[in-house]
There are 2 protein chains.
Amino acid sequence: MEEYSIKAFVFDVYGTLFDVHSVVNKCDEFFGGKGTEISKTWREKQLEYSYLRQLMGNYDTFYSITRDALRYAVKKHDEQLDKLSEEELLTAYIHLSTYPEVKDILVQLQDKKVAVFSNGSHDMLDPLIKKSEICDLFDEIISVDEIRQFKPTFPSYDHVAKILEVKPKEVLFMSSNGWDISGAKNYGFQTAWINRQNLPIEELNLEPNIVYQDLTSILEWK
Amino acid sequence: MEEYSIKAFVFDVYGTLFDVHSVVNKCDEFFGGKGTEISKTWREKQLEYSYLRQLMGNYDTFYSITRDALRYAVKKHDEQLDKLSEEELLTAYIHLSTYPEVKDILVQLQDKKVAVFSNGSHDMLDPLIKKSEICDLFDEIISVDEIRQFKPTFPSYDHVAKILEVKPKEVLFMSSNGWDISGAKNYGFQTAWINRQNLPIEELNLEPNIVYQDLTSILEWK
């Protein structure tokens, strides 16, 4: 671990603080045996559409992108989706549970700046956090939507540093997404990859400062 | 079909003119039962790394990205890769076959401007085309590497229009990749999606002008 004084602990949301597995369950409920496949395509397309829209200069909110990705996924697997089902599936994104260690860790960081930083737009993000057991534990809820720049662009992470009024190296950024860690490292944040799925490090020449299996050990950065 | 005078026919390469299935076969040869999975991850990561590097402002050639994606894919599926195997697998990308209808179609377009436009760098692209039966049928072999802007960015397609000295609407762009068609449409090309895999249209509000199952019917744009 490198020696830096960390002033702000910044967390990605989906898959990092909140377990998205209940979205998979919801897909199973609607699509039976195809639920797992559909939710996998849904997640892949959700990410891909955020990349593609950013690359084409066609920004749209993560909520819209999540809806569009769902529509694609359902079509790809030859299923039907009516308005009501679509709404119920999308609503799954605001009823997620935090991972078991999350609340305790956040409580112990209250003498530092603590923020979330997500591709999610506030229409998804705010209700999710408000309903959760960690609603009072953040100084800032930061969305890329405020500047219409999806992660992993440089300006997206720069937005966080500006809001928190810290230097890049004073931020420990945590995400379970390898690509998000690459982007944060590329910008200049300290990075802890929360490798919950035990995946290889991305081959992008931007290795995380440290890799943990869950958030428990991030306290050694205090 | 809309009425335009098409002056240039521009083709994507991998999956559009050339069948990449032999890459899958090569993976099967090296990794047995895991070949299909590894080649799937390889292709996904190849695309993802091109998007991510462009978004982060960390351009690298498609050859390097293809190598990095292969390394990731092999690690993900708990296999080993030595230098020699890596080279042999990468070489598969310069020994691809064209789809059955390709040569005949290209021959019939010789009174128009005909070009390829690929994310592939010239170190991959030139040997592939040179070895193929269609090597003499193009006016231009255009790579994003010339301007270090991967598809689907706006400047990448703009580079093609500039080289061919045509207006965007005078180009018919053909690709089997939905995201590539979205990018070309976003730029202003006429687009024919060669939907060889029978996939749904991407949910990006950029529908192709027309969809074909293979290249045969593009002659109606002459």
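Residues numbered from 1 in each chain as written. Chains lettered and ligands numbered in written order. Predicted model: local features only at pLDDT ≥ 70, side-chain atom pairs only at ≥ 80, totals over all residues. Heavy atoms only, no water.

A. Looking closely at the pattern of salt bridges. Residues and elements named next belong to chain A. Considering all chains together, one arrives at 32 salt bridges over all chains under this definition. Of the charged contacts in the structure, one is a salt bridge between aspartate 12 and lysine 151, with a shortest N-O distance of 3.1 Å. Here aspartate 12 is found in the loop between strand S1 (8-11) and strand S2 (18-19), whereas its partner lysine 151 is found in the loop between strand S5 (140-143) and helix H7 (154-164), with 139 residues between them in sequence. Summarising the burial analysis for this pair, aspartate 12 and lysine 151 share the class buried. (Salt bridge = Lys/Arg side-chain N within 4 Å of Asp/Glu carboxyl O. Helix = DSSP H or I, 4+ residues; strand = E, 2+ residues; numbered from the N terminus. Buried < 20%, exposed > 50% of the residue type's maximum accessible area, 1.4 Å probe, protein only.)

B. How the structure looks around the environment of Ile163(A). Residue and element names in this part refer to chain A. Considering the arrangement of structural elements, one finds isoleucine 163 in helix H7. The partly exposed category is assigned to isoleucine 163, whose relative accessible area is 29%. Sequence spacing of isoleucine 163 and glutamate 140 is 23 residues, and the spatial spacing of their C-alpha atoms is 8.4 Å. Those residues in contact with isoleucine 163, other than ones at most four positions away along the chain, are Glu140, Ile142 and Glu146. (Contact = heavy atoms within 4.5 Å.)

C. Geometry of the pairing of strand S1 (residues 8-11) of chain B. All names here are of chain B. Burial along S1 is two-sided: the residues Ala8 and Val10 and Phe9 and Phe11 are all buried. Strand direction decides the pairing type here: S1 and strand S4 (residues 113-118), joined by 4 bridges, are parallel. Across the sheet, alanine 8 pairs through a bridge with lysine 113, a residue of S4. Taken together, the 4 bridges between S1 and strand S6 (residues 171-175) define a ladder with parallel strand orientation. Paired with phenylalanine 11 across the bridge in S6 is methionine 174. (Pairing = 2+ DSSP bridges.)

D. Molecular detail of the nonpolar core. Phe11(A), Trp42(A), Ile218(A), Phe11(B), Trp42(B) and Ile218(B) are the most contacted members of the largest nonpolar core, which has 152 residues in total. Ignoring sequence-local partners within four residues, the contact set of Ile218(B) consists of Phe9(B), Phe11(B), Ile105(B), Leu109(B), Leu172(B), Met174(B), Ile194(B) and Tyr212(B). (Core = buried A, V, L, I, M, F, W, Y, C linked by side-chain atoms within 4.5 Å.)

E. Main features of the pairing of strand S7 (residues 190-194) of chain B. Residue and element names in this part refer to chain B. Of all 5 residues in S7, 5 are buried, a share of seventy percent or more. Side chains Gln190, Ala192 and Ile194 project from S7 onto one buried face, and the interleaved Thr191 and Trp193 project onto a second face that is buried too. As judged from the 4 bridges shared by S6 and S7, these two strands associate in the parallel manner. The residue bridging leucine 172 from the neighbouring strand is glutamine 190, located in S7. On the question of chirality, the crossover connecting S6 to the parallel S7 by way of helix H8 (residues 178-187) is right-handed. Across 3 bridges, S7 lies against strand S8 (residues 210-212) in parallel orientation. The partner of tryptophan 193 across the bridge, within S8, is valine 211. (Right-handed = clockwise from strand over helix to strand, strands pointing away.)

F. Representation of the relation of the copies chain B and chain A within the structure. With an RMSD of 0.0 Å, the fit of chain B onto chain A corresponds to turning through 180° and sliding 0.0 Å along the axis. The superposition operator between the copies reduces to a two-fold rotation axis. (Least-squares fit on C-alpha atoms with pLDDT ≥ 70 in both.)

G. Seen up close, the packing of aromatic side chains. Applying the stated criterion across every chain yields a total of 27 aromatic pairs over all chains. Ring geometry for Tyr157(B) against Phe173(B): centres 5.9 Å apart, planes inclined by 80°, an arrangement best described as edge-to-face. Note that Tyr157(B) is positioned in helix H7 (residues 154-164) and Phe173(B) in strand S6, a separation of 16 residues in sequence. Pair check on accessibility: Tyr157(B) and Phe173(B) agree, each one buried. Joined through ring pairs, the aromatic side chains of Tyr14(A), Trp42(A), Tyr59(A), Phe62(A), Tyr93(A) and Phe150(A) make up one cluster. (Phe/Tyr/Trp six-rings, centres within 6.5 Å; stacked < 30°, edge-to-face > 60°.)

H. Here's a closer look at unusual backbone geometry. All names here are of chain A. Cis rather than trans, the peptide bond between lysine 151 and proline 152 has omega equal to 10°. Structurally, the position occupied by proline 152 is in the loop between S5 and H7. Here arginine 148, not a glycine, exhibits a phi torsion of approximately 55°, which is positive. Here arginine 148 is to be found in the loop between S5 and H7. Judged by relative accessible area, which is 48%, arginine 148 ranks as partly exposed.

I. Structural detail: the domain arrangement of chain A. Residue and element names in this part refer to chain A. By domain assignment, chain A separates into domain 1 (8-17 + 99-221) and domain 2 (20-92). Placing a centre on the C-alpha atoms of domain 1 and another on those of domain 2 gives a separation of 23 Å. Opposite the 16 residues of domain 1 that make contact, domain 2 presents 13 residues. Each partner contributes to the roughly 1,300 Å² buried at the junction of domain 1 and domain 2, and carbon and sulfur atoms together form 64% of this total. Considering only the surface of domain 1 that becomes buried against domain 2, Met124, Arg148 and Phe150 emerge as the three largest contributors, covering 44% of it. Connecting domain 1 to domain 2 are 0 salt bridges. A per-class count over the side of domain 1 that touches domain 2 returns 6 nonpolar, 7 polar and 3 charged. (Domains from an automatic or database assignment. Buried area = accessible area lost by both parts, 1.4 Å probe. Nonpolar A, V, L, I, M, F, W, Y, C, P; charged D, E, K, R; others polar.)

J. Seen up close, the sheet that holds S7(B). Residue and element names in this part refer to chain B. The 6 strands lie next to each other as S5-S4-S1-S6-S7-S8, forming an open sheet whose pairing is parallel. Because the sheet does not close on itself, it has two edges, and the strands there are strand S5 (140-143) and S8. With direction set aside, neighbouring strand axes in the sheet form an average angle of 25°. Sheet contacts for H7: S1, S4, S5 and S6; angle to S5, the most-contacted strand, approximately 155°. (Axes fitted to C-alpha atoms, helices over the stretch in contact; angles between N-to-C directions.)

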